[in-house]
Amino acid sequence: MSVKQETVGTQGLPSMETVRQVLLEQDPTVLSVVVALVVVLISLLLWKLLKRSRTSRRTVLLLGVCDSGKTLILSRLLTGKYKMTQMSISALSATYRVKSDKGPSLTLVDIPGYESLRLHFLEQYKAAARGLLFVVDSSAFQREVKEVAELLYQLLTDGAVLENTLPVLIACNKQDISMAKSAKLIQQQLEKELNTLRVTRSAAPSTLDSSSSSTIHQLGKKGKDFDFSQLPMKVEFVECSAWDSKKEESDANLSSIEDWLARLA
Ligand SMILES: Nc1nc2c(ncn2[C@@H]2O[C@H](COP(=O)(O)OP(=O)(O)OP(=O)(O)O)[C@@H](O)[C@H]2O)c(=O)[nH]1
Ligand SMILES: [Mg+2]
């Protein structure tokens, strides 16, 4: 009776002492092989789980402040055609077949730029996101830099975006307009602005609605001036135009976005 109590734990399982003794009696090489096998199996399982979660997320969110050109870009990507647009008041979702040999499809979701709508739809779609297509009006950038940086800060410190290390493409749109800033200049100014923002944000208490499920995280490396390479996700900058106002036949140049979407899919 007393022997049974020593070898069997409270739940009818072998006690730790018994397991230890059995393991000590084994050949150490057999033991290391078993441990290595268990480690390999667990890693395989985790890798499969991670892969499944990535392949099940096939949505690309088009984000950006009002009037940056998200809806026109979506229309061009889907049909190639120019379309008159109005301020979006709802998210628009469509299937997009990427331009590559395999031709897998993605779901593109155009999130309205208007602030309160944008937050609502972002919460709704972000869990399914595979990547973010962040559209900037390069011709209005000087005027809008603060607003653009605030939205970008919110996205880059979002728990779901960080957890899935979502790739981000910053599409510097409206390059057909002569006043348009280059992608390089936009990147530099955004880095400066985000650097300032993270100082003010970390000093001030959060002003976010407490009902929001978003968790705000640290942006970039502490004690270093911010640059996009410090982020866990890949952030790329490209120039594009969804409309060429200078040409008779309204043309578009969205090949950089199409290439990114093909790589993402
Ligand atoms: N010149 C020029 N105009 C553009 C370009 N892309 C979009 N526009 C114009 O910019 C305006 C706003 O475009 P939308 O696609 O409606 O902008 P949006 O980002 O969807 O705006 P919200 O729905 O308010 O968030 C429209 O008049 C477009 O025709 C471009 O590359 N060049
Ligand atoms: Mg729109």
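If you're wondering where the values come from, they're calculated on a predicted model, not measured in any experiment.

(A) Layout of the site of ligand 1. Around ligand 1, the structure places 21 residues, and the nearest of them are Lys70, Thr71, Thr85, Asp176 and Ala242. Between ligand 1 and Lys174 there is a distance of 3.0 Å, counted from an oxygen atom to a side-chain nitrogen or oxygen. Relative to its free-state accessible area of 650 Å², ligand 1 is covered by the protein chains to the extent of 90%. Considering each element in turn, the shell around ligand 1 owes the most residues, three residues, to helix α4 (residues 70-79). A per-class count over the shell around ligand 1 returns eight nonpolar, nine polar and four charged.

(B) Structural detail: the sheet that holds strand β2 (residues 92-97). Read from one edge to the other, the open sheet built from six strands follows the order β2-β3-β1-β4-β5-β6, with strand pairing classed as mixed. Whereas interior strands pair on both sides, the edge strands pair on one side only; in this sheet they are β2 and β6 (235-239). For this sheet the average axis-to-axis angle between neighbouring strands, irrespective of direction, equals 25°. Pairing of strand β5 (residues 168-173) with β6 involves five bridges; the strand directions are parallel. In the sheet register, Cys172 faces β6, and the bridge partner there is Glu239. Sheet strands in contact with helix α6 (residues 141-156) are β1 (59-63), β4 (129-137) and β5, and its direction is about 165° off that of β4.

(C) Representation of a nonpolar patch on the surface. Taken together, the side chains of Val30, Val34, Val38, Ile42, Leu46 and Leu49 define a hydrophobic patch exposed on the protein surface, amounting to about 520 Å² of accessible area. With respect to the helices, strands and loops of the structure, Val30 is situated in helix α3 (residues 28-56). Using a relative accessible area of 42% as the deciding quantity, one classes Val30 as partly exposed.

The rules behind these values
Residues numbered from 1 in each chain as written. Chains lettered and ligands numbered in written order. Predicted model: local features only at pLDDT ≥ 70, side-chain atom pairs only at ≥ 80, totals over all residues. Heavy atoms only, no water. Near = heavy atom within 4 Å. Polar contact = N/O pair within 3.5 Å; in protein donor to acceptor, adjacent residues only side chain to side chain. Areas by Shrake-Rupley, 256 points an atom, 1.4 Å probe, with all protein chains shown as cover. Helix = DSSP H or I, 4+ residues; strand = E, 2+ residues; numbered from the N terminus. Nonpolar A, V, L, I, M, F, W, Y, C, P; charged D, E, K, R; others polar. Pairing = 2+ DSSP bridges. Axes fitted to C-alpha atoms, helices over the stretch in contact; angles between N-to-C directions. Contact = heavy atoms within 4.5 Å. Patch = residues over 30% accessible without salt bridge, like charges linked within 9 Å, V, L, I, M, F, W, Y side chains within 5 Å. Salt bridge = Lys/Arg side-chain N within 4 Å of Asp/Glu carboxyl O. Buried < 20%, exposed > 50% of the residue type's maximum accessible area, 1.4 Å probe, protein only.

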